[in-house]
Amino acid sequence: MSIMVLAAAAAATCTALLGQPIDPARPYKQTGEFELVKDYTFGRARQDATISQRPQLDQEFFYRYIYENGKLDGLKTYWSYHRDYPDGDPRSLHVFDDCTLTLKGRIPPGGGLKPRGIESGMLRGKLPVTDGMYIEMRAKLPRGVGAWPAFWLNPGVQYPDGKFSELPWPPEIDIFEFFNWQGRPKTRVMTGYVQVHKNPERYGPPKDLFTKFKNNEYVPGFDFSEDFHVFSLDWVKDKPIWLLDGEPIKQTYYIWSKPVPAHILVTNQLGMVLKGVDVSAMQADESQWNYVIDYIRVWRRKP
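Residues numbered from 1 in each chain as written. Predicted model: local features only at pLDDT ≥ 70, side-chain atom pairs only at ≥ 80, totals over all residues. Heavy atoms only, no water.

### Overview of the layout of surface pockets
For the record, the criterion: Only protein atoms enter the calculation, which uses a 1 Å grid: trapped sets of points that fit a 1.4 Å probe without letting it out are cavities, open sets showing protein on both sides within 12 Å along at least five of seven lines are pockets, and any residue with an atom within 4 Å of a point is a lining residue. Grid points are joined across faces, edges and corners, and a volume is the space filled by probe spheres set on the points. We count a stretch as a helix when DSSP gives it H or I for four or more residues in a row; a strand needs E for two or more, and each element gets its number in order from the N terminus. Each residue gets one of three labels, nonpolar for Ala, Val, Leu, Ile, Met, Phe, Trp, Tyr, Cys and Pro, charged for Asp, Glu, Lys and Arg, and polar for the others, Gly among them.
Taken as a whole, the largest pocket holds about 960 Å³ of empty space. For the largest pocket, the lining is made up of 32 residues, of which Thr77, Trp148, Glu177, Gln195 and Leu274 are closest to its centre. Within the residue set of the lining of the largest pocket, elements represented by two or more residues are strand 10 (147-155), strand 11 (173-178) and strand 12 (190-194). No other element matches strand 10, which puts four residues into the lining of the largest pocket. A breakdown of the residues in the lining of the largest pocket according to their chemical character gives 15 nonpolar, eight polar and nine charged. The space that makes up the second largest pocket amounts to roughly 200 Å³. Lining the second largest pocket are 15 residues, with Cys14, Thr15, Pro21, Arg46 and Asp48 positioned closest to its centre. Here the lining of the second largest pocket gets five residues from one element, more than from any other, and that element is helix 1 (residues 3-18). Residue composition of the lining of the second largest pocket, by class: seven nonpolar, four polar and four charged.

### Some points on the pattern of salt bridges
The condition is simple: Think of a salt bridge as a Lys or Arg side-chain nitrogen and an Asp or Glu carboxyl oxygen that are within 4 Å of each other. Accessible area is worked out with a 1.4 Å probe on protein chains only. A residue is then buried under 20% of its type maximum, exposed over 50%, and partly exposed in between.
Across all of its chains, the model carries 18 salt bridges by this definition. In this structure, Arg44 engages Asp87 in a salt bridge whose closest nitrogen and oxygen atoms are separated by 2.9 Å. You can see Arg44 sitting in the loop between strand 1 (34-41) and helix 2 (54-60) and its partner Asp87 sitting in the loop between strand 3 (81-82) and strand 4 (94-96), a full 43 residues away along the chain. Residue Asp87 is classed as partly exposed on the basis of its relative accessible area of 33%.

### Brief notes about the packing of aromatic side chains
For clarity, the threshold we go by: Whether two aromatic rings pair depends on their centres lying within 6.5 Å, for rings of Phe, Tyr and Trp, where Trp uses its six-membered ring; planes under 30 degrees apart make the pair stacked, over 60 edge-to-face, and the rest tilted. When the NZ atom of lysine or the CZ atom of arginine is within 6 Å of a ring's centre and also within 35 degrees of its normal, the charge is said to sit over that ring.
Within this structure, the stated rule accounts for 15 aromatic pairs. Seen in terms of ring centroids, Phe213 and Tyr218 are 5.6 Å apart; in terms of plane orientation they differ by 40°. Their pairing is tilted. Exposure class is identical for Phe213 and Tyr218. Each is buried. When the ring centre of Tyr81 is taken as reference, the NZ or CZ atom of Arg116 above it lies at 4.5 Å. Note that Arg297 overlies the ring of Tyr295, its terminal NZ or CZ placed 3.8 Å from the centroid.

Read these as geometric descriptors, not functional statements.
Written out as structure tokens, the structure is:
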């Protein structure tokens, strides 16, 4: 079979899964002039892919948190911890197919539904992100009780020479989190938040300018694990805007309180250790824990 025929077949497969490719020239459904800063479009066989294999992924992302010299593999608020097995390893948690990249969750030998009983994938972007940028990801999310997928901006950068900037916290902007706890086996309740560490006068001080969220939750009426959706943050200085499928859903006055850039985090968090949150109905079903990514893109709005 010719290369052209194989390419056409792959394109048809990806179109059937994802729909028509979304033009990277500007953010989804947005007008105005934008400069594309980074385009991470995933897939082994896509003509528009910019990252199709593990060495390319390694050039753009880390697989641990920035703390502990870039080696912190999890947070105490969830059970799973992060690993980065080589491409092709059957244990891999960063898996390419023809059209996407999947951050997996798996129970290793001796593991289980308990703290540090689950391994999962994550991405920490190497790109310094600042206000004035527009950050977007198209993804299909995990499901099931205990799934806690997140997409967020955390302060600090790791430089190419291995050194680190100042690592303050807060600030933090959560583009989304979904807390699937008892009574929420489906991925339907979106949150989007800014972190002030219970001290808004020092870290913020945030105030919603408009919002579709009620008690910090937005429920648009569908399951985000059933299809791909576009999640975006238009980081207008001091007034970030959250968008879902190209439509604004929230704008908050919030001051990024430290003079350091942010980095992108995409974290497949599984299990929860949070006060008042019951995940006793969580099932050891690895097929539910796929965090499937079409693309991550960053633009800067032109004056």
